[in-house]
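Given next are the chains, with one letter for each unit.
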Amino acid sequence: MSDEYHRDVLEKLTELVRDEFLEGEDEELTATTPLMEWGILKSIETTRLVTYVRTEFGVRVPPAQVTTENFRDLESIAGLVTALRG
């Protein structure tokens, strides 16, 4: 169940980033694309993403968990959401 949940989270996060942050242009977006390094994820986008995670998955991301390491790419964010879900 955890692997399936993780894949579902990753798929939904990818959709969000592609549709909302990249306006549908995702030729190079992968699970390991460095979101912050490439300038895709900035403070406003990070806030929107944290809100999306709470709304879509019912998972609250504590402020202390909003780190460069946890938000470096979609795979890391999906792992955080999966871990916080318990």
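The paragraphs below set out a description of the structure included in this document. Per chain, the residues get numbers from 1 upward, laid out in the order the sequence is written. Only residues with pLDDT of at least 70 get local features here, since the model is predicted, and only at 80 or more are side-chain atom pairs given and counted; chain-wide, interface and lining totals rely on the full set of residues. The side-chain values count all of the structure's non-hydrogen atoms but skip hydrogen atoms and water molecules.

Remarks on the pattern of salt bridges
Alright, step 1. Note on definitions: salt bridges are taken to be side-chain nitrogens of Lys or Arg within 4 Å of carboxyl oxygens of Asp or Glu. Throughout the structure, instances matching the rule amount to five salt bridges.
Alright, step 2. A salt bridge links Lys 12 to Asp 8; the nearest nitrogen and oxygen atoms lie 3.6 Å apart. Taken together, the positions of Lys 12 and Asp 8, both in helix H1 (residues 2-21) and four residues apart, correspond to about one turn of that helix.
Alright, step 3. The exposure class assigned to Lys 12 is partly exposed, which follows from its relative accessible area of 25%.
Alright, step 4. For every residue, the accessible area obtained with a 1.4 Å probe (protein chains only) is divided by the maximum for its type, and the residue is called buried under 20%, exposed over 50%, and partly exposed between those limits. Overall, Asp 8 belongs to the partly exposed group, its relative accessible area being 30%.
Alright, step 5. A salt bridge links Glu 56 to Lys 12; its shortest N-O distance comes to 3.1 Å. Placement of the pair is Glu 56 in helix H2 (residues 43-57) and Lys 12 in helix H1, with a sequence separation of 44 residues.
Alright, step 6. Judged by its relative accessible area of 36%, Glu 56 falls in the partly exposed class.
Alright, step 7. One connected set of salt bridges, linked through shared partners, spans Asp 8, Lys 12 and Glu 56. Strands here mean DSSP runs of E at least two residues long; helices mean DSSP runs of H or I at least four residues long; both are numbered from the N terminus.

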